[in-house]
Amino acid sequence: MIAKLNDLPAWARWALYAAFGVLLLTIVQSISDTERLTQVATAREMLRFAVPIFLAGLGGLFSERAGVVNIGLEGMLILGMWFGAWGSITYGAWWGLAIGIFGGMLGGLLHAIATVTFQVDHIISGVAINILAPAITRYLSEEIWASPTTSPRTSAVGDWDVPFLAGGTVFGWESPDLLLTISQWEIWYLSDLAQLSRGLLRGTSWVAIIAIALVPFTVWLIWRTRFGLRLRICGEKPAAGEAQGINIIRYKYIAVIISGGLAGLGGAFISTELSGLFQGGNSAGRGFIGLAALIFGNWRPGGVLLGALLFGYVFGLDLRDLDGTASHAMLLVNAIAFAGVGLWAFTRRRKADTIIAAILGVGALFWWIVADTVPSWWSNTLPYVVVLLVLVFFAQRLRMPVSLGMPYRKGET
Amino acid sequence: MTAAIELTGITKRFPGVIANDNVNLTVEKGEIHAVCGENGAGKSTLMKILYGMQAPDEGTMKVNGELVNFSSPTDAIDRGIGMVHQHFMLADQLTVLENIILGAEPTVSGGRINFKEAEAHLSQVADEYGLTIDVNQMVESLEVGERQRVEIIKVLYRGAEILILDEPTAVLVPQEVEALFENMRELKASGATILFIDHKLDEVLEISDSMTVLRHGKTVATMKNDGVTAHELAELMVGSELPTPDTSESTVTDDVALELKDLTVLNEDGRQVVHDINLRIHRGEIVGIAGVEGNGQGELVDAIIGTADIASGTVSFHGRDITRESVRKRREAGLAYVPEDRHHEGLLLSSPLWENAALGHQTQSPYGSNWWLDRDGARAQTELIREQFDVRTPNIDVSAHALSGGNQQKLIIGRELTSDPEVLVAAHPTRGIDVGAQAAVWDDIRAARRNGLATLLISADLDELIGLSDTIVVMLRGEFVATLAPADVTPRDLGAYMTGAALQNGGAA
């Protein structure tokens, strides 16, 4: 059966996984006292949280595929937030995005100069950018808006409802809202699936649509084009590229600048779409979580998106979960996930992994039984816990670029 | 006729060393020209200059009679020069095809790579020279010989007419070397010029039309290959005669030091890479393992030293079962290990020599105790190794990467042998080091054997195996397929067993 699953085209496989995930949520929800796990608003919040995480993670992908560790994503995101807000206020929403990208690129350029030209340790340069960015934006805010912490209101690029599925308009004609109809039937599982889908397809920000479109585009760019092949050699074996006359330094620069630009777009999304203004601290560590999504996603665009959606779901759920009951239900989901991992490890005869998964699974189950609610710090911690666990269980399957983080000097092999 | 390559007065200095000192090299069109010399003679630097990877400090270069000035390999490639590096320039996580087309990708609009055209061109080139390879595999799954083939195809793919091969035979068995030479002759027949770096004299004399000998960065001779003997060439290279490993009197005892019983090791996919191996090594005995790389030798070594999981069977040490014991326990019990890749497993390149000397013995006197390192003890011991094993270094505080390959290896050998081991596992102990250091390593291993050391020797250098071993076993596809006495076996015979040819002909052991 697994062999057949692998024969399916990628999109069908992913759709199947998603359907299975929703099934899991529905089952858990039926035995919990919450309905939030599959609400429309949960899916919408998931997407809103996921977009900047994904863009930062995708930025990390470009940089790290070229061999440069980019822990400065958070700083580049913050630069994107400020420049995006400023651009949006000064020239309008779409210009805001473009200028936000530009702001992030400046951060990327700085990182490239430090790491590629001057061989500064990648982590140190990244941390420096993370410290620098909030300081610069604070200074700029003070200078331009006479307030160190907040900007005036920004304008957003708007959103789109998908016709027929989620009631979007076609040339002024309001199409039927199929998913709403299905949700209202209140059929177990089917209506839950419809609600979650509708949350993704109605009122979808153009930035989110661009972000999703970046997945196939990045796959094409990195694995199908000359540019992508040359970018990858920088992260795999730069000496081999150099021996074929490829200007490694140039490709590294381009990759890190693109990386900054994507993080900048994520930042602009936060300020112009999520908060509607620039406010220091609103990045809320999404750059770091993007990096976590990158590792979770095994340095692949589809995986990064999955990681971002997963983390976005946890955050989105927590945001609307004032009494902590939905997060409590998530504990049961965690327990089931651990049971799955444990079973997988068991069939591969990996004793230590099976035991760890069993302990964690029983722990989550126990917590679920004894508590009625879960404090919100748990949701904020979960992405990092998930990444740690991925590293514990799947480290051997992760394929990070071989020369990631290694200094490169021309002519040295 | 103008020469394909003409280098005049090339000088290249690095901090503290002159790698090339007024070197001259002329290669005629359509010939196979060997550049020979010891390690550190400046061959690789010269080739890097010719390939545009480094710029010479002085001197001029002419390609096909035209004065050139390369600032990068691109310039060299544009002039039809291609290079196969000694350390393969291949990315493990890229496919064969991606590795080959890198830098010369056929593209259609939008920069998209035309993989179909690339494959077509590639199979055309491959057919022309009889080189076949599955282009969609990841390079990490290839064996050494295949990787080399990828490298050669890579150069041909670019239509190179002047090929530089940097020590291409270092990792090949005789049959593979023969195949490589056949390919080189075909290339020559179709008009290619080949520059070939080697320090194995018989190979140089077999394949080359002419040769240039370097010593200490200087050109000492250039000559045609007519009537030159190996002896003369050796003298030019090292200034003295080449040492060879001579078999000396047997010191084998009846006392079994290391015993493997029905040892089976699985790889990650659950395939048996070491299959039911039985082996006894006695005190004072050297057992040599011959085999084409990738036939389970690496996994066998890992199982003995304790870095691989053993699926079934036992490893015992003087009768004591150590199958489930940790690497440290094994080492403390007297297991010494000279790893195959000294840079990855043998040394911490950026750490000082005395720390490197303590590696693996950090829990034992004189280097330290359970918790603490004994700096003075470790330093004194390192000085001792430096003296006894002739490790040439200004002091023991320099980092390991400052040493030449031969001296790094002497440090490792010294570290392992001064700990009074019972059993030594030595994987390719003289790979990539010059003849002087090689002779020293052989002497050290022989001396240890006299003192009762049991040694498992894995080597691709068949002369070394025959010269040092008391018994030779041949490993093929994870199994021992033949046990041979070194006294009556030649490298050619061994090669036949290693590739399985001898077994197909009914010549099983």
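Structure: above.
Residues numbered from 1 in each chain as written. Chains lettered and ligands numbered in written order. Predicted model: local features only at pLDDT ≥ 70, side-chain atom pairs only at ≥ 80, totals over all residues. Heavy atoms only, no water.

1. So, the overall build of chain A
Along chain A, the regular secondary structure elements total 17 helices and four strands. At 22 Å, chain A has a C-alpha radius of gyration in line with the 22 Å of a compact globule built from 413 residues. Oriented by its inertia axes, the alpha-carbon framework of chain A measures out at about 60 × 55 × 40 Å. With 413 residues in all, chain A has 54% of them scored as buried. When contacts within chain A are restricted to residue pairs at least 6 apart in sequence, long-range pairs at least 24 apart make up 76% of them. Approximately 18,500 Å² of chain A is accessible, and the part contributed by carbon and sulfur atoms is 69%. Across chain A, the 28 positively charged side chains and the 24 negatively charged ones have centroids separated by 14 Å. (Helix = DSSP H or I, 4+ residues; strand = E, 2+ residues; numbered from the N terminus. Rg over C-alpha atoms; globule rule 2.2 N^0.38 Å. Buried < 20%, exposed > 50% of the residue type's maximum accessible area, 1.4 Å probe, protein only. Contact = heavy atoms within 4.5 Å. Areas by Shrake-Rupley, 256 points an atom, 1.4 Å probe, with all protein chains shown as cover. Lys, Arg positive; Asp, Glu negative; His and termini not counted. Charge placed at Lys NZ, Arg CZ, Asp CG, Glu CD.)

2. A few points about the overall build of chain B
On a plain count of helices and strands, chain B comes out with 18 helices and 20 strands. Evaluated residue by residue, chain B yields a buried proportion of 54% over its 509 residues. When contacts within chain B are restricted to residue pairs at least 6 apart in sequence, long-range pairs at least 24 apart make up 66% of them. Total accessible area computed for chain B in this model is approximately 21,500 Å², and 46% of it derives from carbon and sulfur atoms. A distance of 4 Å separates the average location of the 42 positive side-chain charges in chain B from that of its 78 negative side-chain charges.

3. Remarks on the interface of chain B and chain A
Residue-level contacts link 30 residues of chain B with 25 residues of chain A. Overall, the association of chain B and chain A removes approximately 2,400 Å² of surface from exposure, summing both partners, and the carbon and sulfur fraction of that is 55%. A per-residue breakdown of the area chain B buries against chain A is headed by B:Met89, B:Gln93 and B:Leu102, which together make up 24% of the total. At the surface where chain B touches chain A, the tally comes to three salt bridges. (Buried area = accessible area lost by both parts, 1.4 Å probe. Salt bridge = Lys/Arg side-chain N within 4 Å of Asp/Glu carboxyl O.)

4. Things to note about the side chain of A:Thr218
The topology assignment puts A:Thr218 in helix α9 (residues 206-224). Sequence-distant contacts of A:Thr218, that is, excluding residues within four places in its chain, are made with A:Leu58, A:Leu61, A:Phe62, A:Trp223 and A:Pro301.

5. Remarks on the sheet that holds strand β18 (residues 454-458) of chain B
Residues and elements named next belong to chain B. Pairing is mixed across the open sheet formed by six strands, whose spatial order is β16-β17-β18-β13-β19-β20. Only two strands of the sheet have a single partner each, and these edge strands are β16 (335-338) and β20 (479-484). Going from strand to strand, the sheet's axes swing by 20° on average, the running direction of each strand aside. Here strand β17 (residues 423-427) pairs with β18 via five bridges, running parallel. Pairing of Val 423 across the sheet is with Ala 454, part of β18. (Pairing = 2+ DSSP bridges. Axes fitted to C-alpha atoms, helices over the stretch in contact; angles between N-to-C directions.)

6. Focus: the environment of A:Gly199
All names here are of chain A. Here Gly 199 is to be found in helix α8 (residues 190-201). In the structure, Gly 199 is positioned 155 residues away from Arg 44 in sequence and 4.6 Å away in space, judged by C-alpha atoms. Gly 199 has contacts with Val 40, Ala 43 and Arg 44, leaving out every residue within four places of it along the chain.

7. A look at the packing of aromatic side chains
Residue and element names in this part refer to chain A. As enumerated under the stated definition, the model contains 20 aromatic pairs over all chains in all. Aromatic side chains Trp 82 and Trp 86 sit 6.2 Å apart centroid to centroid with 10° between the ring planes, which places their arrangement in the stacked category. Of this pair, Trp 82 and Trp 86 are both found in helix α4 (residues 73-91), four residues apart, which corresponds to roughly one turn of the helix. Taking relative accessible area as the criterion, Trp 86 reaches 25% and is therefore assigned partly exposed. Their ring planes at 35° and their centres at 6.0 Å tell us that Phe 217 and Trp 220 sit as a pair that is tilted. Within this pair, Phe 217 and its partner Trp 220 are both found in helix α9, separated by three residues, close to a single helical turn. (Phe/Tyr/Trp six-rings, centres within 6.5 Å; stacked < 30°, edge-to-face > 60°.)

8. Describing the pattern of salt bridges
Residue and element names in this part refer to chain B. A complete count under the given rule lists 31 salt bridges over all chains for this structure. Measuring nitrogen to oxygen at the nearest pair gives 3.1 Å for the salt bridge that ties Arg 79 to Glu 66. Here Arg 79, found in the loop between α2 (73-78) and β6 (81-84), pairs with Glu 66, found in strand β5 (residues 66-68); they are 13 residues apart in sequence, far enough to count as distant. Under the relative-accessibility criterion, Glu 66 is labelled partly exposed at 45%. A salt bridge links Glu 182 to Arg 185; the shortest N-O distance between them is 3.5 Å.

9. Considering the environment of B:Ile153
Residue and element names in this part refer to chain B. Here Ile 153 shows up in helix α5 (residues 144-157). Between the alpha carbons of Ile 153 and Val 125 there is a distance of 7.5 Å; along the sequence they are 28 residues apart. Not counting the four nearest positions on each side in its chain, Ile 153 is found in contact with Ile 100, Leu 122, Leu 131 and Ile 133.

10. With respect to helix α12 (residues 248-275) of chain A
Structural remark: α-helix, 3.6 residues per turn; residues separated by three or four positions point the same way. Residue and element names in this part refer to chain A. Between its terminal C-alpha atoms α12 stretches 39 Å, which fits the 40 Å expected from 28 residues at 1.5 Å a residue. The largest bend in α12 amounts to roughly 25° and is located at Phe 269. For α12, the buried fraction is high: 21 of the 28 residues fall into the buried class. Positive phi appears at Gly 276, one or two residues downstream of α12, with a value of about 75°. (Expected span 1.5 Å × (residues − 1). Bend = angle between axes of the 7 residues up to and from the residue.)

11. Notes on helix α3 (residues 40-65) of chain A
Residues and elements named next belong to chain A. With 26 residues, α3 should reach 38 Å at 1.5 Å per residue; the first-to-last C-alpha distance of 36 Å fits that figure. Of all the bends in α3, the greatest, near 30°, is centred on Ala 50, and the proline Pro 52 appears no more than four residues after it. Trailing α3 by a residue or two, Gly 67 shows a phi angle of about 90°, which is positive.

12. Digging into the sheet that holds strand β7 (residues 162-166) of chain B
All names here are of chain B. Strand order in this open sheet of six strands is β6-β7-β8-β3-β9-β10, and the pairing throughout is mixed. At either margin of the open sheet sits one strand with a lone partner, and together these are β6 and β10 (218-224). The mean angle between the axes of side-by-side strands here comes to 15°, regardless of whether they run parallel or antiparallel. In this structure, strand β3 (residues 32-36) lies alongside strand β9 (residues 210-215), joined through four bridges in parallel fashion. What sits directly across from His 33, in β9, is Ser 210. Each of β6 and β7 touches α5; the most contacted strand, β6, lies at about 170° to it.

13. Here's the deal with a nonpolar patch on the surface
On the surface, a cluster of nonpolar side chains totalling about 460 Å² of accessible area is made up of A:Phe102, A:Leu106, A:Leu109, A:Ile113 and A:Phe118. With respect to the element layout, A:Phe102 can be found in helix α5 (residues 93-117). (Patch = residues over 30% accessible without salt bridge, like charges linked within 9 Å, V, L, I, M, F, W, Y side chains within 5 Å.)

14. Observations regarding the environment of A:Arg65
Residues and elements named next belong to chain A. As for its placement among the helices and strands, Arg 65 is situated in helix α3. By relative accessible area, which is 7% here, Arg 65 ends up buried. Considered as a pair, Arg 65 and Ala 339 are 274 residues apart in the sequence and their alpha carbons are 33 Å apart. Excluding anything up to four places from it in sequence, Arg 65 contacts Gly 60, Trp 223, Leu 231, Arg 232, Cys 234, Gly 235, Glu 236, Asn 298, Trp 299, Arg 300 and Pro 401. A distance of 2.7 Å separates the side chain of Arg 65 from the backbone oxygen of Trp 299, its partner in a polar contact. (Polar contact = N/O pair within 3.5 Å; in protein donor to acceptor, adjacent residues only side chain to side chain.)

15. Re unusual backbone geometry
Here the amide bond leading from B:Ser365 into B:Pro366 is cis, since omega sits at 0°, within 30 degrees of zero. Summarising the element assignment, B:Pro366 is placed in the loop between α12 (353-358) and α13 (375-388). Positioned with a positive phi, A:Gln119 is a non-glycine residue whose angle comes to about 60°. Mapping A:Gln119 onto the fold places it in the loop between α5 and α6 (122-145). What makes A:Gln119 partly exposed here is its relative accessible area of 24%. In the Ramachandran plot, A:Phe171 falls in the positive-phi region, its phi being about 50° despite a non-glycine side chain. Relative to the elements of secondary structure, A:Phe171 occurs in the loop between β2 (169-170) and β3 (173-174).

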